[in-house]
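# Structure at a glance
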Amino acid sequence: MTRGGLRGGGHVPDLGRPIYYADGPDDRLLTTSGGDVSGSIQDGGVPEEQKPDADETPARRPGNRALYWRRLKRRPAAMFGTVIFLFFLFLAIFGPLIAPYDFDAQSAALRLKPPAIEHPFGTDQFGRDILSRIMVGARGIFLLGGIGTLLAVLIGTPIGLASGYAGGLLDEVIMRLLDVLLSFPSLLLALVLLAVVGPSNANLVLVVTLLYTPMIARVVRSMVLDLKTKEFVEAARVRGERRSYILFREVLPNSLPPLLVETSMRFSYSIFLVASLGFLGLGVQPPSPDWGLQINEARNFFALAPWTLLFPAGTIALLVIATSLMSDGLRQVMLPGVARK
Amino acid sequence: MLTFIVRRLGFVVLMVLLSSILIFWATQVLPGDIATMMLGRFASEEARQNLREELGLNKPVVTQYVTWLGDFVQGDWGYSISTRSEIRPLVMERLRNSAMLAGVAFAIFVPVGILLGLLAALRRNSWVDQTISVGSLAFIGLPEFVSGVVLISIFSIKLGWLPSQSAIEPSSGFVKAFPYLILPAITVALTTLAYVVRMTRSSTVDVLQTDYVRTANLKGLPPRRVLFTHVLRNSLLPTITVIAISVGWLIGGLIVTESVFSYPGLGRLVLFGVQRRDIPLIQATVLLIVVIYGIANLLADILYAVLNPRIRYT
């Protein structure tokens, strides 16, 4: 059976309107979905790769991984992002084990000590080791953002598949309902929901899921609309394959690259969101340390002890920049020729 | 054109209506007993009854919703539970402050963003382009509270040029407020700036590769003329739409930025409502923001259709 890769790129057909809602609102990290504005090639380099119709392996051939890797290696910014991201992932898994001190151990004698050998990032207003708090804090932000994004993919993908494949009234109704969720700036919606259900780690995950499900569903739906008319899907339909077979064996595998890119962008935005909510006091719940909250509290001591603020701020900046470089690199590597808008 | 505008308008109204149902449902129906939630578990039954009476909670849900929406449309936004004052004057004052802040931010990121984007596109693949592209990518994802505190630490604490807190008198005029607006405006502008840069760059790169630009160059027009009469007119189209839509992204940024700088704007009022669980205040502010957001999107659509006669939406 033929698998007609992603020829023509993972171009996502627009819904017959301008960029309005094509990406989520408040969507600084943009998706691959297109407006009418014709796209362009974002990256600098290797022009022959940027033509999506160049001799490319269709999706899901084993050779693809090597191809992606080869392209990734040529992009220093993306490589840098990936390496930093992996480093933070390592911290999220092993941070609590390798942290030099107990992140919650207070000591009146050690209050606001500047960085030194024993405390490389200094100590905060309670004499707690800032390095240890940062290392342990990585886990919370990764877990909340990661699980939330993953759930959004698990829920949004079937919605997008069903909506796009069924078409007609069902599609229209589902999409309008998702539009409602998208018509709120995401931080605002998160705040309102957390105000009502109360800030807890589980609720935070649910909020991330609720915010990103419509965006994931949209990307999958657009892919389905695009793939539905392709010959290999037509062929499967004529062969009399069941609908579930067509959706999960033909359409879904070919939607994976854009879905993966979208997921990585969502994840990178979820870090932004969880950290911002933490700063506003609605983030990762104590006792685990929250980077955003750390920064909020450190503001009071800044003139006295700038390290209490600069190290956590630098950490968040590094992680956020790294994940956005990585997801942008992923997009360039997996979907060359599709513009980032 | 008129049909297009009417259709878009209808769509926005529908979205706002559905959003208002969501807001109402999330704040008034979802929490269960709202009186207990707002007054705490230890409030007396009598106090709860009074509050229910005050908020009209003992009527059927649909009646409650219709009354609430009707009052909102007619300008009666009710009383805030935490400040015990009328919501509308409070919100309007804050809205004015947020608009001032957003205005200064616009004045920063629109020209700077377009300039940087053009520069990157015209020097494509050079180190200038690389720096601008990677830099804008980095700033797109940088949370406002990080850039905000870094700006404060440099310009207020180290250099002492600008105030670190912007807790201005809520009704102070623009001139008086201006020094307090600079740092927060830069903070809000940074992320949106990055977006405008990327959009301008990619659309300009596109236009530069078109046949008509090549023709203009080949027939010997001076580069400046090609840029202004052929390139810019086409490449700034998508950027203009992006700028119009960015009103929506500004709102998220404003919530965080106003809280970093203690600026008395609408975003901080929303946060205040959320922290106090002041349901009437949350409902009014959030619905207002959704309406503003909807109008901004509508304007973006219309602007795009007006500026780009090649595209007709029906």
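Residues numbered from 1 in each chain as written. Chains lettered and ligands numbered in written order. Predicted model: local features only at pLDDT ≥ 70, side-chain atom pairs only at ≥ 80, totals over all residues. Heavy atoms only, no water.

### Some points on the overall build of chain A
Per the secondary structure count, chain A includes 11 helices and zero strands. Secondary structure elements of chain A occur, N-terminal to C-terminal, as α-α-α-α-α-α-α-α-α-α-α. Across the 341 residues of chain A, 60% fall into the buried class. (Helix = DSSP H or I, 4+ residues; strand = E, 2+ residues; numbered from the N terminus. Buried < 20%, exposed > 50% of the residue type's maximum accessible area, 1.4 Å probe, protein only.)

### Observations concerning the domain arrangement of chain B
Bring the parts together and some accessible area is lost; that lost area is often taken as the interface size. All names here are of chain B. Segmentation of chain B into domains returns domain 1 (2–73) and domain 2 (87–307). Between the C-alpha centres of domain 1 and domain 2 there is a distance of 32 Å. Each partner contributes residues to the interface: domain 1 has 19 residues there, and domain 2 has 16 residues. In total, domain 1 and domain 2 occlude about 1,600 Å² of area from one another, counting both sides; carbon and sulfur atoms represent 82% of this. One can count zero salt bridges joining domain 1 with domain 2. On inspection of domain 1 and its partner domain 2, the count reaches zero residue pairs in polar contact (both at pLDDT 80 or more). (Domains from an automatic or database assignment. Contact = heavy atoms within 4.5 Å. Buried area = accessible area lost by both parts, 1.4 Å probe. Salt bridge = Lys/Arg side-chain N within 4 Å of Asp/Glu carboxyl O. Polar contact = N/O pair within 3.5 Å; in protein donor to acceptor, adjacent residues only side chain to side chain.)

### Some points on the nonpolar core
Judged by nonpolar contacts, the single largest core of 118 residues is most densely connected at A:Leu191 and B:Phe145. No other element matches helix H9 (residues 243–279) of chain A, which puts 14 residues into this core. With sequence-adjacent residues up to four places away left out, A:Leu191 is seen in contact with A:Leu277, A:Leu280, A:Leu282, B:Ile255, B:Val270, B:Leu271 and B:Val274. Core analysis: the second largest hydrophobic core is formed by 38 residues, B:Ile114, B:Leu190, B:Val196 and B:Met199 among them. (Core = buried A, V, L, I, M, F, W, Y, C linked by side-chain atoms within 4.5 Å.)

### Some details on helix H8 (residues 231–239) of chain A
Residue and element names in this part refer to chain A. Restricting attention to buried positions, one finds in H8 the residues Phe232, Val233 and Ala236. Seen along its axis, H8 keeps its buried residues to an arc of 105°; they face one direction. With respect to the buried face of H8, the exposed residues turned more than 90 degrees away are Glu231 and Val238. Among the structural elements, helix H7 (201–228) and H9 are those in contact with the buried residues of H8. Where H8 ends, the next residue or the one after it, Gly240, has phi of about 85°, a positive value. (Arc of directions from axis to C-beta.)

### Structural notes on the packing of helix H3 (residues 76–98) of chain A against helix H11 (residues 307–334) of chain A
Each pair of packed helices gets described by two things: the angle between the helix axes and the distance between those axes. Residue and element names in this part refer to chain A. Running from N to C, H3 and H11 point in directions that differ by 125°, and their axes come no closer than 7 Å. Taken together, the axis directions place H3 and H11 in an arrangement best described as oblique. In the crossing of H3 with H11, the sense of the turn from one axis to the other is left-handed. Residue-level inspection shows Ala77, Ala78, Phe80, Gly81, Thr82, Ile84, Phe85 and Phe88 of H3 in contact with H11, the latter providing Thr315, Leu318, Leu319, Ala322, Thr323, Leu325, Met326 and Gly329. (Axes fitted to C-alpha atoms, helices over the stretch in contact; angles between N-to-C directions. Parallel < 35°, antiparallel > 145°, perpendicular 65-115°, else oblique. Left-handed = near helix turned anticlockwise from the far one by under 90°.)

### Some points on a nonpolar patch on the surface
Together, A:Leu86, A:Leu89, A:Phe90, A:Ile93, A:Phe94, A:Leu97 and A:Ile98 make up an exposed nonpolar region whose accessible area comes to about 650 Å². Following the sequence through the fold, A:Leu86 ends up in helix H3. (Patch = residues over 30% accessible without salt bridge, like charges linked within 9 Å, V, L, I, M, F, W, Y side chains within 5 Å. Areas by Shrake-Rupley, 256 points an atom, 1.4 Å probe, with all protein chains shown as cover.)

### Structural notes on the packing of aromatic side chains
All told, the structure shown has 11 aromatic pairs over all chains when counted by the stated rule. For the pair A:Phe279 and B:Phe145, a centre-to-centre distance of 4.8 Å together with 15° between the ring planes defines the contact as stacked. Separated into two different chains, A:Phe279 in helix H9 and B:Phe145 in helix H7 (residues 144–158) make up a pair that spans both. Across the pair, B:Phe145 and A:Phe279 agree in class, each one buried. Centroid distance B:Phe24 to B:Tyr65: 5.4 Å. Interplanar angle 70°. Geometry classified as edge-to-face. Here B:Phe24, found in helix H1 (residues 2–29), pairs with B:Tyr65, found in helix H4 (residues 61–73); they are 41 residues apart in sequence, far enough to count as distant. In this pair, the class of B:Phe24 matches that of B:Tyr65, namely buried. Three or more aromatic residues joined by ring pairs form one cluster here, namely A:Phe85, A:Phe142 and A:Phe267. Just above the ring of A:Tyr212 sits the side chain of A:Arg266; from NZ or CZ to the centre is 5.4 Å. (Phe/Tyr/Trp six-rings, centres within 6.5 Å; stacked < 30°, edge-to-face > 60°. Lys NZ or Arg CZ within 6 Å of the ring centre and 35° of its normal.)

### Thoughts on the environment of A:Arg299
Residue and element names in this part refer to chain A. By the secondary structure assignment, Arg299 is in the loop between helix H10 (291–298) and H11. The partly exposed category is assigned to Arg299, whose relative accessible area is 26%. Residues Arg299 and Leu309, spaced 10 residues apart in sequence, show a C-alpha to C-alpha distance of 6.6 Å.

### Considerations on unusual backbone geometry
Located in the positive-phi region is B:Ser262, a residue other than glycine, with phi close to 50°. Here B:Ser262 falls in the buried class, since its relative accessible area comes to 18%.

### Focus on the packing of H4(B) against helix H12 (residues 279–307) of chain B
All names here are of chain B. H12 packs onto H4 with a crossing angle of 60° between their chain directions and a minimal axis gap of 12 Å. Like other packed secondary-structure pairs, H4 and H12 cross with a definite hand, here right-handed. Of the residues in H12, those touching H4 at Trp68, Leu69 and Phe72 are Gln283, Ala284, Leu287 and Leu288. Among the residues making up the contact of H4 with H12, the classes are represented as six nonpolar, one polar and no charged. (Nonpolar A, V, L, I, M, F, W, Y, C, P; charged D, E, K, R; others polar.)

### Some remarks on the pattern of salt bridges
Residues and elements named next belong to chain A. On inspection of all chains with the given rule, the structure shows eight salt bridges over all chains. Among the ionic pairs, Asp179 bridges to Arg176, the shortest N-O distance being 3.1 Å. You can see Asp179 and its partner Arg176 sitting in helix H5 (residues 168–182), three residues apart, about one turn around the helix. We note that Asp179, like Arg176, is buried. Residue Glu234 is joined to Arg237 by a salt bridge in which the shortest nitrogen-to-oxygen separation is 3.8 Å. In this pair, Glu234 and Arg237 both sit in helix H8, three residues apart, roughly one turn of the helix. We classify Glu234 as partly exposed; its relative accessible area is 38%.

### Digging into the confidence of the model for chain A
Residues and elements named next belong to chain A. In this model, chain A carries a mean pLDDT of 72, and residues with pLDDT of at least 70 account for 77%. The element-level mean pLDDT for chain A is lowest in helix H1 (residues 47–50), coming to 40, with H7 highest at 87. Counting interchain partners and residues more than four positions distant, the pLDDT-below-50 stretch residues 1–60 has 190 contacts. (pLDDT = per-residue confidence, 0-100.)

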